[in-house]
Number of protein chains: 2
Amino acid sequence: MRIAELSRRSGVPVPTIKYYLREGLLPAGELTSPNQARYADAHLHRLRLVRAMVELGGLSIAAVREVLGALDDPEKSLHKAMGTISAAVAPADLGGEDEVAHEQVEAFLRRQGWVCRPTSYAYKALVGVLATAREVGHERFADLLDGYADAARPLAEADLGYVLGAGSEDEALEAVVVGTVLGDAAMAAVRALARRELSGTRQPNDP
Amino acid sequence: MRIAELSRRSGVPVPTIKYYLREGLLPAGELTSPNQARYADAHLHRLRLVRAMVELGGLSIAAVREVLGALDDPEKSLHKAMGTISAAVAPADLGGEDEVAHEQVEAFLRRQGWVCRPTSYAYKALVGVLATAREVGHERFADLLDGYADAARPLAEADLGYVLGAGSEDEALEAVVVGTVLGDAAMAAVRALARRELSGTRQPNDP
């Protein structure tokens, strides 16, 4: 297909597609003349994946490039890809120097029996969240973490099951991307629905 | 304090603070001369809250303005503020016209016994996620939703408990903001930790 059809079918404007091509997020099409290229279904699929990461996951171009690198890596492994992808979707490091937040995360990990290096992105992301909570005067936010862990265990099982349920290794890796980016967005939406349901029940006179 | 101290203590650069002042996200300081203003601890607190929403929550300036409007609304109610805040943190509507995704959300709500108008942001956010999943060839992603609901119920209870545990009504409203913005980021981080733990256990030979 031509770039115009690629744009129509993906919902991504032509200038944005050209930008992705320049940035290497999308492989070049097959040149049919010096100024025209033809794109395959694989391009459409990759473009939709990029769009999901950018628009739903809020990933930067650099983060998308990292995730695609993990997908295209011939030496790829599921565990490693999960790490790369989780790192790419994590918010910027905000609380590197907050000692109390570090101790809160360490204590939480000990209580859960989880092992995690302080250099890993998930550790740093959690320190960032707790440091921010402390900054805005919500030190007690850290008390919620064990409840989060209880909720997260079955979700992580489902995440892994989803990935292992994929047909091929390539599909499994893509399922990691989809599960992480869409999974976090879906969890936020479902949690808001549950909260809405509950708060409507508890405060029936509220609009 | 002067704007330089406000910047130092909040970690927000002076030009950004001036931008927030122009955009009305931060109330003006008390003028001490035509070119100098003095800021109070309340400014520092509000500035840290804005920073948390922008940097951790990834909220746009318009979304932050909406949330602050809910916090400052004299007619405010917890339930209404929760809706405003959840709407502000939701990703852009991506799947408005996907009929199958709509039906998947309807079926999910029926199974859970939840009531939610299709115009509500959480409903639309979920349709957007499922539409995107379908676009990238992951229709089976919708099968995960009931597991998400099981995880979300106790989280929503904890969210509401956190809000009701606040000292004053103003603090409760702020706890809604903190709980939503930090809560989603914390859940994503804890879930990644749980996934890491599990995938490391299942694939011991992986790096």
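The following refers to the structure shown. No experiment lies behind these values; they were computed from the predicted model shown. Sequence positions are assigned chain by chain, starting from 1 and proceeding in written order. A letter from A marks each chain and a number from 1 marks each ligand, given out in the order of writing. For a predicted model such as this one, the threshold for reporting local features is a pLDDT of at least 70, and the threshold for listing and counting side-chain atom pairs is 80 or more; totals across whole chains, interfaces and linings nevertheless cover every residue. With hydrogens and water excluded, all non-hydrogen atoms of the structure serve as input to the side-chain values.

1. As for the pattern of salt bridges
A carboxyl oxygen of Asp or Glu within 4 Å of a side-chain nitrogen of Lys or Arg is what we treat as a salt bridge. Under the criterion given, the structure shown has 24 salt bridges over all chains. Close ionic contact of Asp 159 of chain A with Arg 191 of chain B constitutes a salt bridge, the shortest N to O distance being 2.8 Å. Placement of Asp 159 of chain A in helix H8 (residues 145-164) and of Arg 191 of chain B in helix H9 (residues 169-202) is noted, with the two residues assigned to different chains. You can call Asp 159 of chain A buried: its relative accessible area is 6%. Overlapping salt bridges bring together Asp 159 and Asp 184 of chain A together with Arg 191 and Arg 195 of chain B as one network. Helix and strand assignments come from DSSP, with helices taken as H or I runs of at least 4 residues and strands as E runs of at least 2, each series counted from the N terminus. Accessibility here uses a 1.4 Å probe with only protein chains present; expressed as a share of the type maximum, an area under 20% marks a residue as buried, one over 50% as exposed, and anything in between as partly exposed.

2. Notes on the interface of chain B and chain A
At the interface, 81 residues of chain B touch 80 residues of chain A. Here the quantity called buried area is the total loss of accessible area, with a 1.4 Å probe, experienced by two parts when brought into contact, counted for both. Interface of chain B and chain A: buried area, both sides summed, is about 7,700 Å²; carbon and sulfur atoms make up 67% of it. The three residues of chain B that bury the most area against chain A are His 79, Tyr 162 and Arg 195 of chain B, which together make up 10% of that side's buried surface. Our count for the chain B to chain A interface comes out at eight salt bridges. Of the charged contacts, one joins Asp 159 of chain B and Arg 195 of chain A as a salt bridge, the two residues approaching to 2.7 Å between their closest N and O atoms. For this analysis, a polar contact is any N or O atom pair within 3.5 Å, provided that within protein one partner can donate a hydrogen and the other can accept it, and provided that sequence-adjacent residues contribute only side-chain to side-chain pairs. Inspection of the chain B/chain A interface yields 16 residue pairs in polar contact (both at pLDDT 80 or more). Secondary structure elements with two or more residues in the side of chain B that touches chain A: helix H3 (41-56), helix H5 (78-89), helix H6 (99-112), helix H7 (121-135), helix H8 (145-164) and H9 of chain B. The element contributing the most residues to the side of chain B that touches chain A is H9 of chain B, with 25 residues. What makes two residues a contact is simply this: any of their non-hydrogen atoms within 4.5 Å.

3. As for the relation of the copies chain B and chain A
In this comparison the copies share one frame, found by least squares on the C-alpha atoms of residues holding pLDDT of at least 70 in both. Rotating chain B by 180 degrees and moving it 0.0 Å along the rotation axis overlays it on chain A with an RMSD of 0.0 Å. Accordingly, the operation relating the two chain copies is best matched by a two-fold axis. Within chain B, Ala 151 of chain B has its C-alpha nearest the rotation axis, a separation of 2.3 Å.

4. As for the nonpolar core
Looking at soluble globular proteins, one finds that nonpolar side chains tend to be buried together. As used here, the term nonpolar core means buried Ala, Val, Leu, Ile, Met, Phe, Trp, Tyr and Cys residues forming a set that is joined through side-chain atoms within 4.5 Å. Counting residues in each nonpolar core, the largest one holds 154 residues, and the members touching the most others are Phe 141 of chain A together with Phe 141 of chain B. When residues no more than four places from it in sequence are discounted, the contact partners of Phe 141 of chain B are Tyr 162, Val 178, Gly 179, Leu 182, Gly 183 and Ala 186 of chain A together with Val 129, Leu 130, Ala 133 and Tyr 148 of chain B.

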